Every structure is written in structure tokens, then in C-alpha cells.
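One letter stands for each residue in the lines below.
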Amino acid sequence: MRGTELAQALLLDNIGQLATPTANWDDRAGPRRGNAMREVDIVPEAAVFCRDGEIVFAGPREEVVRRAEALVDAAQLIRFDCDAGVVIPGFCDSHTHPAFVLPRLTDFEKRIAGATYEEIALAGGGIKSSVRSVREASQAELEEQIEFAFRQMALQGTTTVEAKSGYGLDLASELKSLRAIRNVANRWAGTVYATFLGAHVVPAEYKEDRAEYVRVVCEEMLPRVAEERLADFVDVFCERGAFTESETEQIFAAAKRHRLLVRAHVGQFTAAALQRFSDYHPASFDHLDYVDEAGVDWLSAHNTVVTLVPGANFFLGQKGYPNVRRLMDAGVPLALATDYNPGTSPTLSMPFVMSLACTQMKMSPAEALVAATINGAHALCCADRKGSIQPGKDADLAVFGVDDYREIPYWIAGDLCLATVIRGELIA
Ligand code: NIG
Ligand code: FE
């Protein structure tokens, strides 16, 4: 039990529809796949009672209200009337890049005029242009940007966020980015998992000696990040124009030596040999626009979550999206995330990402909900506390002003989140 200062009791009353990934799955067994990705438990006319930051009861309204009133004095109970709206678990946005300072408007215009993401990057735009401004920025400026992002996320129903560095690409700027993430995480009500992405691209000064940059990441940056406990995960952009598979393996091996978990950007433009990374048990492989049969087989037999980020496909104006049916039919567990970043996906909205998942990738609303909540939690290794509405889990919830959870992806860019509850605290 936590201290009395957290002993706050909150009753979310008058819920028209409570919708959560099914209770009929043991998340200790791994991320949800197959039928478990399609099953949503629905309770009409419901209530949720939270105390000390956790969910105590959730279910039919009369029963929950009666049990809550039996446990807590009416004077101590904070009641929130959900106005017959929908309550779902708070979103777990398991892939974001919030440590940047400027939008990339020139890249935006170039792409509108016909240039591709890779062409822009080769011409010195892209990730490298964000690096210039992050190196010049103070930690306070970065904190301001990150805090703005986390607040906006919470207003749209996100309660758990993964946040990557990766626009510093030298020791001082990567540490500055991760310290900024940590400081904002300490001020923000939601839960943050930090990821060290020193291997985002090879910075210009190492263009002629990429092996030396990989060494700096492994032997200079990673030990400092681990020592200061600045990250939970290490990520690598494993792709043509970024890092090779063998460089990725080297970086994963260094992460393992420092007891950090790994994840990777893979298959955004070309397929990678996923089975090569088996020994490192990646928590998540992200993008997966391109994946070969051996990769699909590997994924269906492992607990690595595939995190899809359709905001990037949409913003880059791509016609193609990852083949969700092929992955789902093979039993691959899928999560959805914003990939919030200035180059490919400047959105903070998980409801919008769900809309893209349904309209562009043909996920059902139920699959999109599971992917955006519990499987996002699996991608961050926190499904024991997050991602579904179960007694004993953290009271992280989102209230939407709609009648049916399927309206969340239906009303594109609808901005219908009425309130968010983060560890039992109401953020209206
Ligand atoms: O997930 N692909 C690599 N990283 C980001 C893009 C970063 C950027 O362009 O600034 C992504 O799409
Ligand atoms: Fe990304």
C-alpha cells in the first residue's frame, strides 16, 4: 500500500460503455495475438472505483457504486460523472521521439514537391537537420518541448509513453536529451519509459568512419546512459541509410552487457533478417512495412511485439502500409504507436493512429484498441500494471464523449477525449 498522501478515492460513475481488452487472457503468457487481439470485454452502464492509484472495482454500475460506498466515506469519495460516455484503458504509446526542438518545415515542403524521405535525408535534411538544433538547445528548452508533448498526449487519453533520445548523436547531447526526458517524467503524472537511440543515424562527423561511431555508441555513450540510469531500453534504426544488421547486433550486445532491454526500428524501407537478433529478445520491432516470410515465422514464435506506426506512412504520403492481415493471420502480436517525431509523424494522438489503423490497414476497432493499450504495454514490458481495466492494475483510464468505443477510431481527428485518469488522478 502506498502512503496516505495517495489515498485518494475516485469513482468514475455513469459510464455508458466500459471497454477493455478481454480479461480472458493471462498477460504473463506474453502479448496478445490471434483471437486475444480481437476480444474486447464490454460492460454497459458501468462504473470504476479507484483508490491509491489502482483500480479496485470495475463493472456494472450499481454493484461498483455500492461496494465503493461501503469502503469509503461519501465525503472522501471524488465522483466524476462520465455523462454516459465510454471508458477505456489509457493508451500506451510505445514509440515516440519527443526530444527535439523544431518542426521540419523545409522537409515538409520538399516532400510535398515530390522528394522522398530518403532523398531529403541524403541531401542533409531529415534526422540530421534535427540534430543541429538539438545540439544547440539547452536542456531547459528540450524539457519545455517534451513537457508540452506529454501534456497534449494526456489530454488525448495517453497515460504511458515511451520516449527516445536520438537527435543529439554525441555524448553530451544524448545525455542532455535523456536527462530532459527523465526530468519531465518526474513532473508528469503519467508513466514514461526512456529509450537511448544514439544509433538513429551516423552523424556527419563520422561519415567516413562509421565503425568508430558504433564504437562511441557502445563504449562511450551506452555505459554513461546505464550508469546514470537514464534509459530502460536501447533502440537502433536498422535500415538502409542508417545502421546495418551487424552494427545493430553489436549495439544490442553492448546493451545486454549493461543490462538494458532492446528494441529496433526495422523494415521501414527494406526487410531485415529478424531472426539474427533472437539472442537479445527485443521487446519490440517497429515499422515492419517490409518483412519476409522467415521474419513472419520468427515473429509468430516469439514474444517480440510488432509496433505499427501508420502515422509515418500517412505523413510521408506512402500508398503502402504494413500488411496487417498477413501478420495477424500468422499470430504476430501487434501494437500501435504514434511515432511522434518531427520528420515522419508529427502527431500526438493515439485516437488518430487508431483511425489510420482501421481505415488504411484494415484493423478492426477491437484489434486497434487492443494494439493501442495492452499490446503497447507489452511492448514496454509493463503489461502487469498497464493496458487493461483490471482490479489491481494502475488506474490509468481515458473517458471519451461517445456512446460506443468503435467511435474512437470512427470520428477521424475527432478530439473526443473528455478526461484522463492517471494513477487515480483525474486530468480533465
Ligand atoms: O520512426 N525511422 C527512423 N526514425 C523516425 C524518423 C525520425 C525522423 O525523421 O526524425 C521514424 O520514422
Ligand atoms: Fe521512430
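Note that this is a predicted model, so its numbers are computed, not measured.

**Focus on the overall build of the chain**
Then comes step 1: The secondary structure content of the chain amounts to 15 helices and 16 strands.
Then comes step 2: Scaling as 2.2 N^0.38, a compact globule of 428 residues should have a C-alpha radius of gyration of about 22 Å, and the chain matches this with 21 Å.
Then comes step 3: Across its three principal directions, the C-alpha atoms of the chain cover 70 × 45 × 45 Å.
Then comes step 4: Out of the 428 residues in the chain, the part that is buried amounts to 59%.
Then comes step 5: For the chain, restricting intrachain contacts to residue pairs at least 6 apart in sequence, the fraction spanning at least 24 positions comes to 73%.
Then comes step 6: A total of about 17000 Å² of accessible surface is found on the chain, and carbon and sulfur atoms cover 50% of it.
Then comes step 7: In the chain, 42 side chains carry a positive charge and 59 a negative one; their mean positions are 3 Å apart.

**Side note on the site of ligand 1**
Then comes step 1: Near ligand 1 there are 15 residues, and of these Arg104, Tyr117, Tyr167, Gln268 and Asp339 occur at the shortest range.
Then comes step 2: Contact between ligand 1 and His97: an oxygen atom at 3.5 Å from a side-chain N or O atom of the residue.
Then comes step 3: One nitrogen or oxygen atom from the side chain of Asp339 is found 2.7 Å from an oxygen atom belonging to ligand 1.
Then comes step 4: Coverage of ligand 1 by the protein amounts to 100% of the 330 Å² it exposes when considered alone.
Then comes step 5: When grouped by side-chain class, the residues that make up the shell around ligand 1 number 4 nonpolar, 9 polar and 2 charged.

**Describing the coordination of the iron ion (ligand 2)**
Then comes step 1: For the iron ion (ligand 2), the protein coordination sphere consists of His95 (NE2), His97 (NE2), His265 (NE2) and Asp339 (OD), at 2.1 to 2.3 Å.
Then comes step 2: Each donor residue of the iron ion (ligand 2) belongs to the same chain, and together they define the spacing H-x1-H-x167-H-x73-D.
Then comes step 3: Judged by relative accessible area, His97 falls into the buried class, the value being 2%.

**A closer look at the sheet that holds strand β11 (residues 284-287)**
Then comes step 1: A sheet is described by the order of its strands in space; here 8 strands give the open sequence β6-β7-β8-β9-β10-β11-β12-β13, paired in parallel fashion. Every interior strand has two partners, whereas the edge strands, β6 (91-93) and β13 (334-336), have only one. Across the sheet, the mean angle from the axis of one strand to that of its neighbour is 25°, orientation sign disregarded.
Then comes step 2: The pairing of strand β7 (residues 158-164) with strand β8 (residues 191-199) spans 5 bridges and is classified as parallel. Directly across from Thr160, in β8, lies its bridge partner Thr191.
Then comes step 3: Sitting on the sheet, helix α7 (residues 210-227) touches β8 and β9 (233-238), and the angle it makes with β8 is about 150°.
Then comes step 4: Sitting on the sheet, helix α8 (residues 245-257) touches β8, β9 and β10 (261-266), and the angle it makes with β9 is about 175°.

**Some details on the packing of helix α5 (residues 139-155) against helix α6 (residues 171-187)**
Then comes step 1: Across the interface, α5 lies against α6 with an axial gap of 9 Å and an inter-helix angle of 50°. Between α5 and α6, the crossing angle belongs to the class labelled oblique. Regarding α5 and α6, the two cross each other, and that crossing is right-handed. On α6, the residues touching Gln139, Leu142, Glu143, Ile146, Glu147 and Phe150 of α5 are Lys176, Ser177, Arg179, Ala180, Ile181, Asn183, Val184 and Arg187.
Then comes step 2: Looking at side-chain class alone, the contact of α5 with α6 contains 6 nonpolar, 3 polar and 5 charged residues.

**Brief notes about the pattern of salt bridges**
Working definition: two side chains of opposite charge can pair if their charged atoms are close together.
Then comes step 1: Within this structure, the stated rule accounts for 33 salt bridges.
Then comes step 2: Residue Arg326 pairs with Glu293 through a salt bridge whose shortest N-O separation is 2.9 Å. Pair noted here: Arg326 is in helix α11 (residues 324-329) and Glu293 is in helix α9 (residues 293-300), with a separation of 33 residues, a long-range link.
Then comes step 3: Salt bridges here are not isolated pairs; linked through shared partners, they connect Glu54, Arg385, Lys386, Asp394 and Asp396.

**A few points about the side chain of Asp93**
Then comes step 1: Note on placement: Asp93 falls in strand β6.
Then comes step 2: No salt bridge is formed by the buried Asp93; the nearest opposite charge belongs to Lys164, separated by 8.9 Å.
Then comes step 3: A polar atom in the side chain of Asp93 sits 2.6 Å from the side chain of Thr338.
Then comes step 4: Once residues within four sequence positions are removed from consideration, Asp93 is found in contact with Met153, Thr158, Thr160, Val161, Glu162, Ala337, Thr338, Asp339 and Met350.

**Regarding unusual backbone geometry**
Then comes step 1: Residues other than glycine seldom take positive phi values, yet Ala84 does so here, at roughly 65°.
Then comes step 2: Mapped onto the secondary structure, Ala84 falls in the loop between β4 (77-81) and β5 (86-89).
Then comes step 3: Overall, Ala84 belongs to the partly exposed group, its relative accessible area being 34%.
Then comes step 4: Positive phi is not limited to glycine here, since Leu288 has a value of about 55°.
Then comes step 5: Among the structural elements, Leu288 can be located in the loop between β11 and α9.

**Notes on the pairing of strand β1 (residues 9-21)**
Then comes step 1: Counting buried positions along β1 gives 11 out of 13 residues, so the element sits mostly inside the fold.
Then comes step 2: When β1 meets strand β2 (residues 40-51), the two strands line up antiparallel, connected through 10 bridges. Bridging across to β2, Thr20 finds its partner in Asp41.
Then comes step 3: Pairing of β1 with β5 involves 2 bridges; the strand directions are parallel. Across the sheet, residue Leu18 finds its bridge partner in β5, namely Val87.

**Some points on helix α13 (residues 365-372)**
Then comes step 1: For α13, a buried count of 7 out of 8 residues is recorded, marking the element as mostly surrounded by other parts of the structure.
Then comes step 2: Turning to α13, its buried residues number three or more, namely Ala366, Glu367, Ala368, Leu369, Val370, Ala371 and Ala372.

**Observations regarding the environment of His95**
Then comes step 1: Tracing the backbone shows His95 in the loop between β6 and α2 (105-112).
Then comes step 2: For His95, a relative accessible area of 0% gives the class buried.
Then comes step 3: When the C-alpha positions of His95 and Gly157 are compared, they lie 15 Å apart, and in sequence the two are 62 residues distant.
Then comes step 4: Beyond its immediate chain neighbours, meaning those up to four positions away, His95 contacts Glu162, Lys164, His265, Asp286, His287, Thr307, Val309, Ala337, Thr338, Asp339 and Tyr340.

Conventions used here
Residues numbered from 1 in each chain as written. Chains lettered and ligands numbered in written order. Predicted model: local features only at pLDDT ≥ 70, side-chain atom pairs only at ≥ 80, totals over all residues. Heavy atoms only, no water. Helix = DSSP H or I, 4+ residues; strand = E, 2+ residues; numbered from the N terminus. Rg over C-alpha atoms; globule rule 2.2 N^0.38 Å. Buried < 20%, exposed > 50% of the residue type's maximum accessible area, 1.4 Å probe, protein only. Contact = heavy atoms within 4.5 Å. Areas by Shrake-Rupley, 256 points an atom, 1.4 Å probe, with all protein chains shown as cover. Lys, Arg positive; Asp, Glu negative; His and termini not counted. Charge placed at Lys NZ, Arg CZ, Asp CG, Glu CD. Near = heavy atom within 4 Å. Polar contact = N/O pair within 3.5 Å; in protein donor to acceptor, adjacent residues only side chain to side chain. Nonpolar A, V, L, I, M, F, W, Y, C, P; charged D, E, K, R; others polar. Donors = N, O, S within 2.8 Å, 3.2 Å for Na, K, Ca; no water. Pairing = 2+ DSSP bridges. Axes fitted to C-alpha atoms, helices over the stretch in contact; angles between N-to-C directions. Parallel < 35°, antiparallel > 145°, perpendicular 65-115°, else oblique. Left-handed = near helix turned anticlockwise from the far one by under 90°. Salt bridge = Lys/Arg side-chain N within 4 Å of Asp/Glu carboxyl O.

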